[in-house]
Amino acid sequence: IATPKTFNLHQDYGVANFNDPLSKVSQFEVLKIETYRNFKARHAAKLEIPTEQIRFWVFTQIYITPITDYYANFSMGRVYQRMGLRQNEMNLYLEIAHKPINGQTWFPPTVRNPYVMIFVKYFDPNTKYLEGLGHIYIQKPYEVDDIIPILCEKKEFPPHTPLRVYKEKNRTSMIEVTNDLKDGDIICFQKEFVEINQTGDIPTFYKSLSTRIIVQFWPKFKDEKQKPKFKLALDKDYAYDVVASHVAAYLNIDPLKLRFTSADVTFGTPRTIIKRRNYLKLRSMLPVRYRSLPTANLIYYEILDFSIVELENMMHFKVYWLGTTLKEIEAINVLLPKKAIIDDFLEDILRKLSLPGPTNKIRLFEITNCKILKEYNKLNSPIDKIPENATLYAEEIPQGEIGKKRNDKVVQVYHFTKNPSYTHGIPFKFVVKAGELFSATKLRLQARLGMDENDFAEVKFAIVQEVPHTKPKYIVHN
């Protein structure tokens, strides 16, 4: 059921897009045996409006027609059949009358009706925004000039403001309004200009609707300041900055503090940071294959603490700082010149933290598939060797590792479920002490994981060789 409210917010051809989740058109399942009278009364009660003040119009393949009181005692299934509908659905428009006509009746008669009911939209060429203005009744016969004062009144323009008025013909084309309007036609108007910018008129705007798509935006990181997932209807030919302005308007933030990341065409995971370029179009920011996937037309976003303009000569990384346990995690933003080295990277992290001790040693490592891929321990290496979309962690190197004995060994510990390839969680470096009982090793592991006795009792330990198809060897004795 489309309503005046959903029509007024609709940014596309027609009264509503009944298949578009962004249109917010309400959907209901109705028993075929329910009478139209009861169906109408239920919705009137929901709106707290007397039943006689609402009327439903039904969309058929070629026209729109009111469901009159003649059908009051018909079942909804029979109404459906009489209207010649298909696909077991009815698309309706809910008309609400706020004052009676001539103080007598709420709606014009359906027999020998001297009025035509048309929908009205206003187009703002500056914002490229369609504003639904509800519907109006025009008495037959009429001239196009008779409509102008009514439209001006709708927008509170002076009565004889010059307007350009068009009628929707199909999804991508408009025609000048003539004297042959019929029930359900949609007219769209804008102010007349001496010269209309090529992209600022109604016909051009409607042509652009053919390139409009629904884009999903997901937060790249699960920080407190990141917003939830959402969808926007955007033009595939929008430039990068225009896309950013639409997303920023939805999030109510500065568009220059947004950064986008493309999604993997197969798995939908974050892939490559999308560089801000004037020539870059939205169509180039999206995956080019597998459009049928649920994650098609997906872009990740992140909200920065600084302007993206600063990144032209800088590199930005998000680093997760690990505390004494894996449950103590803090996100840190690192912004450094592109010519900086790893030592500068580590120093920047230390400046942002308050660590006890004057000579803290920390390490920086990259994770992929929940396993440590690489440790960046060459302090003179340039930071441009680190991918900006890398998943980075940093931690203070424990004293037990710094002062480990000759026969002790540092190993990687990672988490898996049943199969070593089913990884999850955060991996970490750990010292295996020569000659230590495994019961004591487990206590140190428990402390590093930050787990209580009950949760830790569910954990099993295994030695995994980095050889394909090799089964893990579980440690069963203390």
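Residues numbered from 1 in each chain as written. Predicted model: local features only at pLDDT ≥ 70, side-chain atom pairs only at ≥ 80, totals over all residues. Heavy atoms only, no water.

Notes on the sheet that holds strand S3 (residues 92-96)
To keep it simple, the criterion reads: Strand pairing is assigned whenever DSSP identifies at least 2 bridges connecting the two strands. A run of H or I in DSSP counts as a helix once it spans at least four residues, and a run of E counts as a strand once it spans at least two, with each numbered from the N terminus. Interaxial angle, 0 to 180 degrees, is taken between N-to-C directions of lines fitted to C-alpha atoms, where a helix line uses only the stretch in contact. Only heavy atoms matter for contacts: two residues are in contact if any of them lie within 4.5 Å across the pair.
Spatial ordering of the open sheet is given by S2-S1-S3, a layout of three strands whose pairing is antiparallel. Of all the strands in the sheet, just strand S2 (64-66) and S3 have a single pairing partner and so form its edges. Adjacent strand axes in the sheet meet at a mean angle of 30° when their direction is disregarded. In this sheet, S2 lies alongside strand S1 (residues 54-59) in antiparallel orientation, the contact comprising three bridges. Across the sheet, Phe 59 pairs through a bridge with Ile 64, a residue of S2. On the sheet, helix H2 (residues 36-47) packs against S1 and S3 and is oriented at approximately 120° with respect to S1.

Looking at the sheet that holds strand S7 (residues 174-176)
The pairing of strands in a sheet happens through backbone hydrogen bonds and is either parallel or antiparallel. Strand order in the open sheet formed by five strands is S5-S4-S8-S6-S7, with mixed pairing between adjacent strands. Strands with a single pairing partner mark the edges of an open sheet, and in this sheet they are strand S5 (129-139) and S7. In this sheet, neighbouring strand axes are inclined to one another by 35° on average, regardless of whether the strands run parallel or antiparallel. Packing of helix H4 (residues 144-154) onto the sheet brings it into contact with strand S4 (115-124), S5, strand S6 (163-168) and strand S8 (186-191), and relative to S5 it is tilted by some 135°.

Overview of the side chain of Lys 121
How we decide: The buried label goes to any residue with under 20% of its type's maximum accessible area, the exposed label to any with over 50%, and the partly exposed label to all in between, with areas taken from a 1.4 Å probe on protein chains only. The definition of a polar contact used here is a pair of N or O atoms within 3.5 Å, where within protein one atom must be able to donate a hydrogen and the other to accept one, and adjacent residues in sequence count solely through side-chain atom pairs.
Structurally, Lys 121 can be placed in strand S4. Residue classification places Lys 121 among the buried residues on the basis of a relative accessible area of 1%. Among the polar contacts listed, one links the side chain of Lys 121 to the backbone oxygen of Gly 14, at a separation of 2.8 Å.

Remarks on the pattern of salt bridges
The criterion, for reference: Salt bridge, as used here: a side-chain nitrogen of Lys or Arg that lies within 4 Å of a carboxyl oxygen of Asp or Glu.
A complete count under the given rule lists 19 salt bridges for this structure. Lys 155 serves as the salt-bridge partner of Glu 131, at 2.8 Å between the closest nitrogen and oxygen. Taken as a pair, Glu 131 in strand S5 and Lys 155 in the loop between H4 and S6 lie far apart in primary sequence, 24 residues in all. Residue classification places Glu 131 among the partly exposed positions, given a relative accessible area of 29%. Residue Lys 155 is classed as partly exposed on the basis of its relative accessible area of 23%. Here Lys 182 and Asp 185 are joined by a salt bridge, their closest N and O atoms 3.6 Å apart. With a relative accessible area of 11%, Asp 185 lands in the buried category. Each of Arg 363, Glu 395, Glu 401 and Arg 448 takes part in salt bridges that share partners, so that together they form one network.

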